Number of protein chains: 2
Amino acid sequence: MENKYISKRAQKIVPYTYGEQPKDKKYIKLNTNENPYPPSPRAVEVIRNIPADIYKLYSDPSCKELKEAIGDFYNIDANKIFVGNGSDEVLAFSYLAFLDKGDKVIYPDITYSFYTVYSSLYEVEELINPLNDDFSMNLQGFNQDAKVCIITNPNAPTGIALSLEEIEGIIEKNKDKLLIVDEAYIDFGGESAVKLIDKYDNLLVVQTYSKSRSFASLRIGFAMGNPILIEALHKIKDSINPYTLDTIGIKAGAEAMRHKEYFYECCNKIIATRERVKKELAKLGFQGTDSKSNFLFVNHNKVEAKEIFEKLRVEGILVRYFNKAKINNYLRISIGTDEEMDIVIEKLRGIVL
Amino acid sequence: MENKYISKRAQKIVPYTYGEQPKDKKYIKLNTNENPYPPSPRAVEVIRNIPADIYKLYSDPSCKELKEAIGDFYNIDANKIFVGNGSDEVLAFSYLAFLDKGDKVIYPDITYSFYTVYSSLYEVEELINPLNDDFSMNLQGFNQDAKVCIITNPNAPTGIALSLEEIEGIIEKNKDKLLIVDEAYIDFGGESAVKLIDKYDNLLVVQTYSKSRSFASLRIGFAMGNPILIEALHKIKDSINPYTLDTIGIKAGAEAMRHKEYFYECCNKIIATRERVKKELAKLGFQGTDSKSNFLFVNHNKVEAKEIFEKLRVEGILVRYFNKAKINNYLRISIGTDEEMDIVIEKLRGIVL
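Residues numbered from 1 in each chain as written. Chains lettered and ligands numbered in written order. Predicted model: local features only at pLDDT ≥ 70, side-chain atom pairs only at ≥ 80, totals over all residues.

A closer look at the overall build of chain A
Counting its secondary structure elements, chain A contains eleven helices and 13 strands. Here the C-alpha radius of gyration of chain A, 20 Å, is about what a compact globule of 353 residues would show, namely 20 Å. Across the 353 residues that make up chain A, the buried fraction comes to 55%. When contacts within chain A are restricted to residue pairs at least 6 apart in sequence, long-range pairs at least 24 apart make up 72% of them. (Helix = DSSP H or I, 4+ residues; strand = E, 2+ residues; numbered from the N terminus. Rg over C-alpha atoms; globule rule 2.2 N^0.38 Å. Buried ≥ 20, exposed ≤ 12 C-beta atoms within 10 Å, placed from the backbone. Contact = placed C-beta atoms within 7 Å.)

Details of the packing of helix H9 (residues 260-283) of chain B against helix H11 (residues 338-352) of chain B
All names here are of chain B. Relative orientation of the contacting elements H9 and H11 amounts to 10°, with a least axis distance of 11 Å. Between H9 and H11, the interaxial angle falls into the category roughly parallel. Considering only the axes of H9 and H11, their crossing is right-handed. Here H9 contributes Thr 273, Val 277 and Glu 280 to the contact with H11, which in turn contributes Asp 338, Met 341 and Ile 345. Of the residues assigned to the contact of H9 with H11, the class counts are three nonpolar, one polar and two charged. (Axes fitted to C-alpha atoms, helices over the stretch in contact; angles between N-to-C directions. Parallel < 35°, antiparallel > 145°, perpendicular 65-115°, else oblique. Left-handed = near helix turned anticlockwise from the far one by under 90°. Nonpolar A, V, L, I, M, F, W, Y, C, P; charged D, E, K, R; others polar.)

Section: the sheet that holds strand S10 (residues 295-300) of chain A
Residue and element names in this part refer to chain A. Strand order in this open sheet of four strands is S9-S10-S13-S12, and the pairing throughout is antiparallel. Both edges of this open sheet fall to strand S9 (286-288) and strand S12 (320-321), since each of them pairs with a single strand only. As defined by bridge partners, S12 adjoins strand S13 (residues 331-334) across two bridges and the pair is classed as antiparallel. Each residue of the ladder has a partner; that of Tyr 321, found in S13, is Leu 331. Each of S9 and S10 is contacted by helix H9 (residues 260-283), which is oriented at about 5° to S10, the strand it contacts most. (Pairing = 2+ DSSP bridges.)

Re the relation of the copies chain A and chain B
Relative to chain B, chain A is turned by 180° and slid 0.0 Å along the rotation axis, the superposed coordinates differing by an RMSD of 0.0 Å. The two molecules are tied by a two-fold rotation axis, judged by turn and shift. Of every C-alpha in chain A, the one belonging to Arg48(A) sits nearest the axis of rotation, 2.3 Å from it. Taken as a fraction of all interface residues of chain A, those also at the interface in chain B reach 100%, which identifies the copy contact as same-surface. (Least-squares fit on C-alpha atoms with pLDDT ≥ 70 in both.)

Let's talk about the pairing of strand S10 (residues 295-300) of chain B
All names here are of chain B. Counted residue by residue, S10 has five buried out of six residues, so it is predominantly covered. Both strand S9 (residues 286-288) and S10 contribute to a ladder of three bridges, which runs antiparallel. Each residue of the ladder has a partner; that of Phe 286, found in S10, is His 300. Hairpin connection of S9 to S10: six residues between the antiparallel strands. Where S10 lies against strand S13 (residues 331-334), four bridges are found, and the strand directions are antiparallel. Residue Leu 296 lies in a different strand from S13, and its bridge partner there is Ile 333.

Some thoughts on the interface of chain A and chain B
Listed by partner, the interface residues are 71 residues for chain A and 71 residues for chain B. Secondary-structure elements contributing two or more residues to the side of chain A that touches chain B are helix H1 (8-12), helix H2 (41-48), helix H4 (86-98), helix H5 (114-121), helix H7 (227-237) and helix H8 (247-258) of chain A. In terms of residue count, H4(A) provides more of the side of chain A that touches chain B than any other element does, seven residues in total. Each residue belonging to the side of chain A that touches chain B can be placed in one class, and the counts come to 39 nonpolar, 17 polar and 15 charged.

Considerations on unusual backbone geometry
Excluding glycine, a negative phi dihedral is what most residues carry, and trans is how most peptide bonds are arranged. In this model, Ala156(A) is joined to Pro157(A) through a cis peptide bond whose omega is 0°. Relative to the assigned elements, Pro157(A) resides in the loop between strand S5 (148-152) and helix H6 (164-173). The phi dihedral of Glu123(A) falls on the positive side, at around 55°, and the residue is not glycine. Along the chain, Glu123(A) falls in the loop between H5 and strand S4 (125-129). Here Lys326(B), not a glycine, exhibits a phi torsion of approximately 80°, which is positive. Of note, Lys326(B) is situated in the loop between strand S12 (320-321) and S13. Under the C-beta neighbour-count criterion, Lys326(B) is labelled partly exposed, with 13 such atoms within 10 Å.

See below:
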């Protein structure tokens, strides 16, 4: 892409590679960690009942209703909450709010692969704290000179969770840094660090509606932390796009947050399915991590991951394969419904046995 | 905001000031140029009929359906179209796609006030081409050394439009620059430069659903231009947030674009109301520009704009007042329904006579 009108930045940047969203046929789609269950029916009703006249008006740039619902769920004040267009946007804004060009950010080698794209885009120096050989995190490895540390908890694509005590230990030993805990998968068995935001002013907890809350389509992410951190995120948003959330996202997102029973019911079903599938896969020769997420991260004792990935695709099942050192013999398989997972197990049986 | 975790950028930036969205009482809201009419009823039906099961899935990051509908409307290919979360996001991404730190961008002194915020945020050098005393544009004034030129057409908050010939003249004389034409208000009487995108590779036309298409709530903006420019915007989007549009925006936005008759009907009603109100205001001692937008830009021969603004607010009518040199005795009044504008005229009569 050489063209005198294009910025050097755009010519150089290598964008994030997202899981494919094919339209050629109907797949069992286990490649982007979406929820197999629809969102709260109460939230869907909210969408269907929005009066037509509301649509002509700008959405509320303060997202008051949504922040209050999140605040009620976590028992925190709205001024400790920032909401954005998916957690990706919240993370991108965090780079602008907390890092200047040339500052250092540290994260593991195996983690959400968008961080390295942000570091490149915003010209931030990336420090890598490699995972241990068993994919566990090297807690001491974060003690390097940097301005921000990002930890995905549970980690992706490994699914391994840190305990709240381990997270607090990292915060305590890294007061020179802001710790961003990306909790995209926290509701499937981890413990949220949101409990610590009043105790530490160097902690920002980021969550999303795209996984546990079944609303990947609506684009809602949020951050929770000290009001000074939240204010900085608002300044960035109001300098880029004050209305990143639409009215439907604000209203339906609030109702989904209020509908707690449904949320817990779906999370518990996914956890139960995950544990069952894990045992079934072990019988077929798969080993994996102790995932606390809505996916399994597995490899096989005989057949290569890439081969399994390709054969599953032919069978109409999409999972995620990363052609990346250390994990290129692993598959990340999102947890679907029990019916979907039974088909996956059967197809895998045919492929590996 | 002094805090060791906050970036210098976030400490320094002065965000955009958006029109107030008060919740204290019901206003006649003529301060953010929203459309007084609801969006296409066909588009609203699309929203109400989206199956619940769709919501759990990520939206289509390529926004194929929406791009095709826009392409059909303008008779251009989808690879010449970029869509984003409102035209603000499209403009912010354009800064990243076409300008590096220290590059120069030129625009008028009186125009959409977000450009100067972007220039500050992305550390781009801002050159100003002042409007003439009658608020007309100084066409020769853009011939300065810069990488990008931004023109709002019709201009805001003046409402004055450039003809297609004038736009083409600027493009011809500024081949060293990319010309971004922000056409937020083009459908109320201007002529779109989209006709020129095949002829010139240094033209990007930006439009929005927030004004003429009555969908400010949904957050849809789009850009049209040479595929190389569009590809650069996609690279930036995929390095920040690949899914900035939600499924509802994609589907309802596509249907609104397909429902042409309704769109033209609403635009024509607004134009007719604007011309009628302009004449009524002249009888009350107001003068203004020849607005081709969905707002009037007026001052009064006796009463100061700020006083009128404040008195209207007390009367339950919100208009926009800019406390800025050259225009601080003007009001920008969005065009509402005929019924709303009749109330405004009556209240103004009480204030100025």
